[in-house]
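Structural description and commentary
Now for the letters of each chain:
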Amino acid sequence: MTQPTKFTALFSRASDEWATPPDLWRTLHEEFGFTLDAAATQENTTCVRFFDRQVDALTVSWEHAVVWLNPPYSKCRPFLAKAKQEAQAGATVVCLVPSRTDTRWWHESVWDTVRQIPHPGVEVRFLKGRLRFGPGTGTAPFPSAVVIFRFDPKS
């Protein structure tokens, strides 16, 4: 049996909270100017204004903010549905998610299966390689994508 390490939870189902890689966030923040972190903790938030476990981000308005969203990966489906909804209300939402193109949530919120392009108002940026999320030297066991939701009157 393999002995657990301090990084075991990082690469297992024990935790689905993956801290945002600082360099990636900085690059995207320079482009978008985030005003809200919609899925954070006091310890890992990237913005002054954030929603943590005390505020259920899925039930409150994101108030036309420019939102950074690195959701718990077991909750991609409801968080991306919320991102899409908030974009239609005027928010811009930039999401860091696993590139799981075979999942229901990907096709419901991101990808138009009929036209084989992103849904209207959605942009997808696939990231090269695998991200480093934690303090270790290893990489994530999955590829990642940045999905951007913006208001689109055709949606």
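Further up the page is the structure itself.
In this text, all values refer to a predicted model and were calculated from it rather than measured experimentally.

**Details of unusual backbone geometry**
The phi torsion at Glu63 lies on the positive side, around 45 degrees, for a residue other than glycine. In the Ramachandran plot, His64 falls in the positive-phi region, its phi being about 55 degrees despite a non-glycine side chain. A residue is classified by how much of its surface remains accessible, and His64, at 58% relative accessible area, is exposed.

**Some words on the pairing of strand E7 (residues 144-149)**
Of all the six residues making up E7, six are buried; the element is thus mostly covered by neighbouring parts of the structure. What you see with E7 is no split at all: Ser144, Val146 and Ile148 on one side and Ala145, Val147 and Phe149 on the other are buried throughout. Judged from the six bridges that link them, strand E3 (residues 92-98) and E7 form a sheet pairing that is antiparallel. Pairing of Val97 across the sheet is with Ala145, part of E7. Two strands pair when backbone bridges link them, and strand E6 (residues 122-126) and E7 are joined in this way by five bridges, in the antiparallel orientation. Bridge assignment links Arg125 to a residue of E7, and that residue is Val146.

**With respect to the pattern of salt bridges**
Taken as a whole and assessed by the stated rule, the structure comprises eight salt bridges. The partner of Asp23 in a salt bridge is Arg26, with the nearest N and O atoms 2.4 Å apart. With Asp23 and Arg26 both in helix H1 (residues 22-32), this residue pair falls three residues apart, about one helical turn. Taking the relative accessible area as the measure of exposure, Asp23 reaches 54% and is therefore exposed.

Conventions used here
- Residues numbered from 1 in each chain as written.
- Predicted model: local features only at pLDDT ≥ 70, side-chain atom pairs only at ≥ 80, totals over all residues.
- Heavy atoms only, no water.
- Buried < 20%, exposed > 50% of the residue type's maximum accessible area, 1.4 Å probe, protein only.
- Helix = DSSP H or I, 4+ residues; strand = E, 2+ residues; numbered from the N terminus.
- Pairing = 2+ DSSP bridges.
- Salt bridge = Lys/Arg side-chain N within 4 Å of Asp/Glu carboxyl O.

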